[in-house]
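Residue-level listing of the chains:
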Amino acid sequence: LILGVEDSEIWHGENLRRNPGDYSWPLSWLPPSVSKTIQETGGARMLYHPYIDVNVMPTEMEIKSDNGVNIEQRQQIKYGVISMKHLKSDLLRWDTLFCAGRLHKPVVVINTDPTIDEFILRNRKAALTCALLMLPPVFTEEELFYTLAGLSYSGDPRFLIGAENSSKVENIVNANLEGFRAIYRPLIDDVDFIRIKTSCDRATSTTQEVERGERREKEISVAATTFIRLPMEVVDVEKLVERDLPEKLRGHINVTPEMISSFANHHHQQQPLRIALIEGLRAIVRHASGMEHILKGLLTAGIPKSTLYIASKLKKGVFSKSRFSNSNENTPS
């Protein structure tokens, strides 16, 4: 849960009054200005509260199964607080990719306003452009979604030290395919250098490319959806980078003739532009997730909760590696 607030100090003051138990010592004893300063300094410019017990109302089915008795249930959540100015900046510039990356994916928006909606849309358009510049000339819808979901995990130290499920990106996409389609299919319709062809066209080598505007009428399923980039003269790489990529990422990209030539000739694996984008994303995420972020987490969550959180992450990472290893051992050679 992410909460964007207009005035962090006022918000923490009220939250400390209502929910002092959400804050670790010594923040629970200090004035709200301290929580605001810690929140807005370094890392993702967010203050996180993990393992918070809240009351939730049971579902209609649970009420019926309990003979109609309306009993509140306890559930643990974690929530992060960020100022609206930093939220908007991350969505537009990709300062940390912390909030922007989460909003590349399907989420439930509880409350918003037209300005934030527009910033979220621009953030997702930028993510789509970035993914399209990183993908090979022909790719499937699943590959597009995997690339989109993985942008904000580039350079994430949790993956490097095994403190995260190595299949996290795939799991996110596979569990939310319809959500990704709902977000990105309308945006893909506005991309003028992508066409679509069906898998049967690909299998029989009859190269009939279906124009993007016909896609909805043909109702092509995800398994049969393959995108193809149009010839290089249709794609103005420099214009795409300058117009669509956020400022922080653009700072890492210096489009050269070599990049344009490689992009045009479909040298995907050695594509300098793709490599530059990956390195740019890694630099942003590493900076936001570095030692400053870790120390900030220890201070705001407290040592007991932080230890529990790190242990749970390590368990996920070790479990995913163990499962992958077992599956390899059971695969016949």
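Since this is a predicted model, take the numbers as computed values, not measurements. Residue numbers here run from 1 along each chain, matching the order of that chain's written sequence. Confidence filtering applies because this is a predicted model: local features only for residues at pLDDT of at least 70, side-chain atom pairs given and counted only at 80 or more, and all residues used for totals across whole chains, interfaces and linings. Note that water and hydrogens are dropped before the side-chain values are worked out from all heavy atoms of the structure.

**Digging into the confidence of the model for the protein**
Here's step 1: By definition, pLDDT measures how confident the predictor is in each residue, and it falls between 0 and 100. Per-residue pLDDT for the protein has a mean of 78; in total, 69% of the residues score no lower than 70.
Here's step 2: Taken element by element, the protein is modelled with least confidence in helix α12 (residues 215-218), mean pLDDT 39, and with most confidence in helix α1 (residues 8-18), mean pLDDT 97.
Here's step 3: Throughout residues 200-223 the model reports pLDDT below 50, and contacts reaching past four residues in sequence, or to other chains, amount to 41 contacts. Note on conventions: DSSP H or I runs of at least 4 residues are helices, E runs of at least 2 residues are strands, and numbering of each starts at the N terminus. Contact between two residues is taken to exist if any of their heavy atoms lie within 4.5 Å; hydrogens are not considered.

**Section: the packing of α1 against helix α2 (residues 32-39)**
Here's step 1: For helices, the fitted line uses only the C-alpha atoms of the stretch in contact; every axis is such a line through C-alpha atoms, and the angle between N-to-C directions lies from 0 to 180 degrees. Contact geometry for α1 and α2: axes closest at 8 Å, N-to-C directions at 125°. It follows that α1 is oblique to α2 by the angle criterion. In the packing of α1 onto α2, the handedness of the crossing is right-handed. Facing S8, E9, H12, G13 and L16 of α1, the residues of α2 in contact are P32, S33, S35, K36 and Q39.
Here's step 2: Asp, Glu, Lys and Arg are counted as charged, while Ala, Val, Leu, Ile, Met, Phe, Trp, Tyr, Cys and Pro are counted as nonpolar; the rest, among them Gly, fall into the polar class. Classifying every residue of the contact of α1 with α2 gives 2 nonpolar, 6 polar and 2 charged. Reported orientations rely on four angle classes, namely roughly parallel under 35 degrees, roughly antiparallel over 145, roughly perpendicular from 65 to 115, and oblique for the rest. By the definition used in this description, the sense in which the near helix is turned from the far one sets the handedness, with an anticlockwise turn below a right angle giving left-handed and a clockwise turn giving right-handed.

**Describing the environment of Y48**
Here's step 1: Considering the arrangement of structural elements, one finds Y48 in strand β2 (residues 47-56).
Here's step 2: With a 1.4 Å probe rolled over the protein chains alone, any residue whose accessible area is under 20% of its type maximum counts as buried; one over 50% counts as exposed, and the rest are partly exposed. By relative accessible area, which is 18% here, Y48 ends up buried.
Here's step 3: Expressed as a C-alpha distance, the spacing of Y48 and Y23, which sit 25 residues apart in the sequence, is 9.4 Å.
Here's step 4: Once residues within four sequence positions are removed from consideration, Y48 is found in contact with L1, I2, K78, Y79, G80, F98, R102 and T300.

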